[in-house]
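A closer look at the structure
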Amino acid sequence: MRPFPRLHLITDTRPGREPLAVVEAALGVAGEHLAVQVRVEDDATDREAYELAARVRALCAEARAICLVNDRLHVALAVGADGGHVGALDLPVDAARRVLGPYAILGATAREPATARAAVDAGASYLGVGPAYATRTKDGLPTPIGVEGVAAVARAVGVPVIAIAGVTAERIPELRAAGAHGVAVIGALSQAPDPVEATKALWDALR
Ligand SMILES: Cc1ncc(COP(=O)(O)OP(=O)(O)O)c(N)n1
Ligand SMILES: Cc1nc(C(=O)O)sc1CCOP(=O)(O)O
Ligand SMILES: [Mg+2]
């Protein structure tokens with residue numbers, strides 16, 4: 001079985017961003033070691049989500065990378081993605097598992113050990129754990145849990161923990177030391193002046 005990717009790139013579809021260019025740059029560096037999660041803004045239409053996901057899925061297939069879809073599991077199924085990711089406002093994890101089937105990759109957001117254990121019991125195959133640090137990318141998040149919070153979740157579960165929020169290449173060593181299997185990033189790549197160099201820095205810190 002393939003090792004679960006340590007680097008997860010989440011698409012940034014805010015105005016002025018170029019999600020496909022960033023995905024292509026990252027795939028060129030990390031290829032099959034990358035997971036790309038297609039995440040669109042809440043007010044995007046399903047058609048917009050589908051069209052982006054279909055293009056990302058094709059790029060990932062060419063690079064043998066994993067393609068996941070955030071929230072919209074019908075879109076994940078429609079494009080033949082490898083799986084999906086759900087959080088507290090999305091389908092419950094057990095329902096998401098029923099939708100995606102037993103073999104799909106299913107990520108769930110967890111911010112502390114009890115939720116993390118419940119998500120794994122309900123069928124999550126990895127956890128997105130954060131906010132590890134403060135971030136400007138998403139509003140309304142709770143206070144960052146820090147590396148100690150990531151470590152508490154990592155100790156509680158046996159599935160890969162993917163740290164999220166405010167992650168930079170410089171922060172990866174302490175997250176890995178805390179037990180994170182890997183990291184998920186938006187801004188570290190989508191706001192980088194050179195996404196190729198930024199992917200190299202992230203990947204070098206993870207391997
Ligand atoms: C890897 C990863 N971790 C956490 C999240 C956040 O999911 P959620 O809490 O459902 O919030 P939205 O991303 O849907 O706004 C994630 N997407 N990926
Ligand atoms: C989509 C998302 N979910 C988070 C959570 O903590 O659940 S943080 C986040 C955005 C992360 O963006 P950046 O890498 O730019 O900080
Ligand atoms: Mg969600």
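Rules used in this analysis
- Residues numbered from 1 in each chain as written.
- Chains lettered and ligands numbered in written order.
- Predicted model: local features only at pLDDT ≥ 70, side-chain atom pairs only at ≥ 80, totals over all residues.
- Heavy atoms only, no water.
- Near = heavy atom within 4 Å.
- Polar contact = N/O pair within 3.5 Å; in protein donor to acceptor, adjacent residues only side chain to side chain.
- Areas by Shrake-Rupley, 256 points an atom, 1.4 Å probe, with all protein chains shown as cover.
- Nonpolar A, V, L, I, M, F, W, Y, C, P; charged D, E, K, R; others polar.
- 1 Å grid on protein atoms, 1.4 Å probe; cavity = no way out; pocket = protein on both sides within 12 Å on 5 of 7 lines; lining within 4 Å.
- Points joined across faces, edges and corners; volume = space filled by probe spheres on them.
- Helix = DSSP H or I, 4+ residues; strand = E, 2+ residues; numbered from the N terminus.
- Expected span 1.5 Å × (residues − 1).
- Buried < 20%, exposed > 50% of the residue type's maximum accessible area, 1.4 Å probe, protein only.
- Arc of directions from axis to C-beta.
- Patch = residues over 30% accessible without salt bridge, like charges linked within 9 Å, V, L, I, M, F, W, Y side chains within 5 Å.
- Salt bridge = Lys/Arg side-chain N within 4 Å of Asp/Glu carboxyl O.
- Lys, Arg positive; Asp, Glu negative; His and termini not counted.
- Charge placed at Lys NZ, Arg CZ, Asp CG, Glu CD.
- Contact = heavy atoms within 4.5 Å.
- Pairing = 2+ DSSP bridges.
- Axes fitted to C-alpha atoms, helices over the stretch in contact; angles between N-to-C directions.

1. Digging into the site of ligand 1
Around ligand 1 sit 14 residues in total, of which Arg39, Asp71, Asp90, Thr109 and Lys138 are the nearest. Between ligand 1 and the protein, one listed contact pairs an oxygen atom with a side-chain N or O atom of Arg39 at 2.8 Å. Within the side chain of Asn70, a nitrogen or oxygen atom sits 3.0 Å from an oxygen atom of ligand 1. Across the complex, the protein chains shield 89% of the 420 Å² of accessible surface that ligand 1 would expose by itself. Here the shell around ligand 1 is composed, by residue class, of three nonpolar, six polar and five charged.

2. Thoughts on the layout of surface pockets
A water-sized probe rolled over the atoms picks out the places where empty space is left. What the second largest pocket holds in volume is close to 250 Å³. Looking at side-chain class alone, the lining of the second largest pocket contains ten nonpolar, one polar and one charged residues.

3. Remarks on empty space enclosed by the protein
Counting across every chain of the model gives two cavities of 30 Å³ or more. The volume enclosed by the largest cavity comes to roughly 40 Å³. Looking at the largest cavity, the residues that line it are Val38, Arg39, Val40, Ala49, Val69, Asn70 and Arg72. Considering only residue class, the lining of the largest cavity consists of four nonpolar, one polar and two charged. By volume, the second largest cavity amounts to about 30 Å³. Forming the walls of the second largest cavity are Leu9, Ile10, Thr11, Asp12, Glu18, Pro19, Val22, Val23 and Ser190. Those elements that provide at least two residues to the lining of the second largest cavity are β1 (7-10) and α1 (19-30).

4. A closer look at helix α2 (residues 46-63)
Because an α-helix packs 3.6 residues into every turn, residues spaced three or four apart end up facing the same way. With 18 residues, α2 extends 25 Å between its outermost C-alpha atoms, agreeing within 8% with the 26 Å of an ideal straight helix rising 1.5 Å per residue. Among all positions in α2, only Ala49, Leu52, Ala53, Val56, Leu59 and Cys60 are buried. Buried positions in α2, seen along its axis, are confined to an arc of 125° and lie on one side of it. The exposed residues of α2 that point more than 90 degrees off its buried face are Arg47, Arg55 and Glu62.

5. Let's talk about the site of ligand 2
In the neighbourhood of ligand 2, 15 residues make up the surrounding shell, with Thr135, Thr137, Gly166, Ile186 and Gly187 lying closest. Here Pro131 contributes a backbone N or O atom positioned 3.4 Å from an oxygen atom of ligand 2. A distance of 2.8 Å is found between an oxygen atom of ligand 2 and a backbone nitrogen or oxygen belonging to Gly187. If ligand 2 stood free it would expose 430 Å²; the protein chains cover 94% of that surface. For the shell around ligand 2, the residue count by class is six nonpolar, six polar and three charged.

6. A look at a negative patch on the surface
Residues Asp42, Asp43, Glu48 and Glu51 make up a contiguous surface patch of negative charge. When its relative accessible area of 73% is taken as the criterion, Asp42 is described as exposed.

7. Examining the side chain of Arg72
With respect to the helices and strands, the residue Arg72 is situated in the loop between β3 (66-70) and α3 (73-79). Since its relative accessible area comes to 13%, Arg72 is described here as buried. A polar side-chain atom of Arg72 sits 2.9 Å from a polar atom in the side chain of Asp46. Excluding residues that lie within four positions of it along the chain, Arg72 makes contacts with Val40, Glu41, Asp42, Ala44, Thr45, Asp46 and Ala49.

8. A look at the sheet that holds β1
Within the closed barrel, the eight strands sit side by side as β1-β2-β3-β4-β5-β6-β7-β8. Their pairing is parallel. Neighbour-to-neighbour, the strand axes of this sheet turn through a mean angle of 25°, independent of strand direction. Here β1 pairs with strand β2 (residues 34-38) via four bridges, running parallel. Paired with Leu7 across the strands is Leu34, a residue of β2. Running at roughly 165° to strand β5 (residues 105-110), helix α4 (residues 93-100) makes contact with β4 (83-86) and β5 of the sheet.

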